[in-house]
Amino acid sequence: MAVSSFVPLQKLKEVFRIDGEELLRFQKPQVIRDNKNAWKKDEEFAKEMLAGVNPVKICCLQDWPIKSKVDGTICKISEDDIQKNLEGLSVGQAINNKKLFILDYYDDFIPYLRLINTTAAEDISSKVHPRAYATRTVLLLKNDGTLKPLAIELSLPQEAQFDGTPPQVYLPPEEGAEEWTWMLTKAYVVVNDSSYHQLISHWLQTHAVVEPF
Ligand SMILES: [Fe+2]
């Protein structure tokens, strides 16, 4: 069977370049082909929740306020935080119209953050500097059909090791230095998303389910 019968010719041409470019020098991903900073956009951040490695976690937001099933705590993202970006809807209307979505990793990560944030080299009883948070991201399905992140909450276990730091809510910045804080906050979400993909969606729910049989 010819390779071209199961690999599209266009893909073969991208790998085995005949246009003078180096062999195995791949084309730029479409997202940065026209604008090399496009990956920084909120639109791309939200798109990757559906078109990225782990599209199975994002879901329609049905209950407000958002509550943990693990410890019963209420999410700190308030109506005031997101109201101005709801395209004229109230939070209740947006929920009823299935316009609000959530990527909620609080319950999945909060029980393990103490271990994740403590390396073997550190005394487990000493104060630690967080490397990971449990994140919640609330998004709006806009009228143009794209998703827009409205607010991100970062949480740590309420233990002495973390100074009992309360959850922090971050909002899309208008401009300036806050843009980098927002970028870092989005990075913590992506860390949750890719870690959950590797260990839960991929390993646990596929390999660990099928391979014992
Ligand atoms: Fe695999």
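These numbers come from a predicted model, not from an experiment. (Residues numbered from 1 in each chain as written. Predicted model: local features only at pLDDT ≥ 70, side-chain atom pairs only at ≥ 80, totals over all residues.)

A. Inspection of the overall build of the chain at higher detail. Along its length, the chain carries eight helices and five strands. Reading the secondary structure of the chain in the N-to-C direction produces α-α-α-β-α-α-β-α-α-β-β-β-α. Counting only residues that meet the buried cut, the chain has 22% of its 213 residues in that class. Put simply, 61% of the contacts in the chain that link residues at least 6 apart link residues at least 24 apart. (Helix = DSSP H or I, 4+ residues; strand = E, 2+ residues; numbered from the N terminus. Buried ≥ 20, exposed ≤ 12 C-beta atoms within 10 Å, placed from the backbone. Contact = placed C-beta atoms within 7 Å.)

B. How the structure looks around helix H8 (residues 178-210). In this model, H8 (33 residues) spans 46 Å end to end at C-alpha, consistent with the 48 Å of a helix rising 1.5 Å per residue. The largest bend in H8 comes to about 50°, at Trp-203. For H8, the set of buried residues is Thr-185, Lys-186, Tyr-188, Val-189, Asn-192, Asp-193 and Tyr-196. Structurally, H8 contributes buried residues whose contacts are with helix H3 (42-51), strand S2 (100-104), helix H6 (106-109), strand S3 (134-141), strand S4 (147-155) and strand S5 (168-170). (Expected span 1.5 Å × (residues − 1). Bend = angle between axes of the 7 residues up to and from the residue.)

C. Representation of the pairing of S4 in the model. Across the nine residues of S4, eight count as buried, placing the element largely inside the fold. Pairing of S3 with S4 involves eight bridges; the strand directions are antiparallel. When the sheet's bridge partners are listed, Thr-135 is paired in S4 with Leu-154. (Pairing = 2+ DSSP bridges.)

D. The arrangement of H3 in detail. Taken as a whole, H3 has its buried residues at Phe-45, Ala-46 and Met-49. Buried residues of H3, seen end-on, are gathered within an arc of 90° and therefore sit on one face of the element. Residues Leu-50 and Ala-51 are exposed on H3 and point more than 90 degrees away from its buried face. (Arc of directions from axis to C-beta.)

E. Quick peek at the environment of Ser-155. Residue position: Ser-155 is located in strand S4. Apart from residues lying up to four places away in sequence, Ser-155 is in contact with Tyr-106, Ile-110, Tyr-133, Ala-134 and Pro-167.

F. Structural view of the sheet that holds S4. In space, the five strands of this open sheet follow the order S1-S2-S3-S4-S5, with antiparallel pairing throughout. Of all strands in the sheet, those bounded by a partner on one side alone are strand S1 (59-60) and S5. As paired strands, S4 and S5 are joined by three bridges and run antiparallel to one another. Residue pairing in the sheet places Leu-154 in a bridge with Gln-168 of S5. Relative to the sheet, H3 contacts S2, S3 and S4, its axis offset from that of S4 by approximately 80°. The strands touched by H8 within the sheet are S2, S3, S4 and S5, with S4 carrying the most contacts at an inclination of about 80°. (Axes fitted to C-alpha atoms, helices over the stretch in contact; angles between N-to-C directions.)

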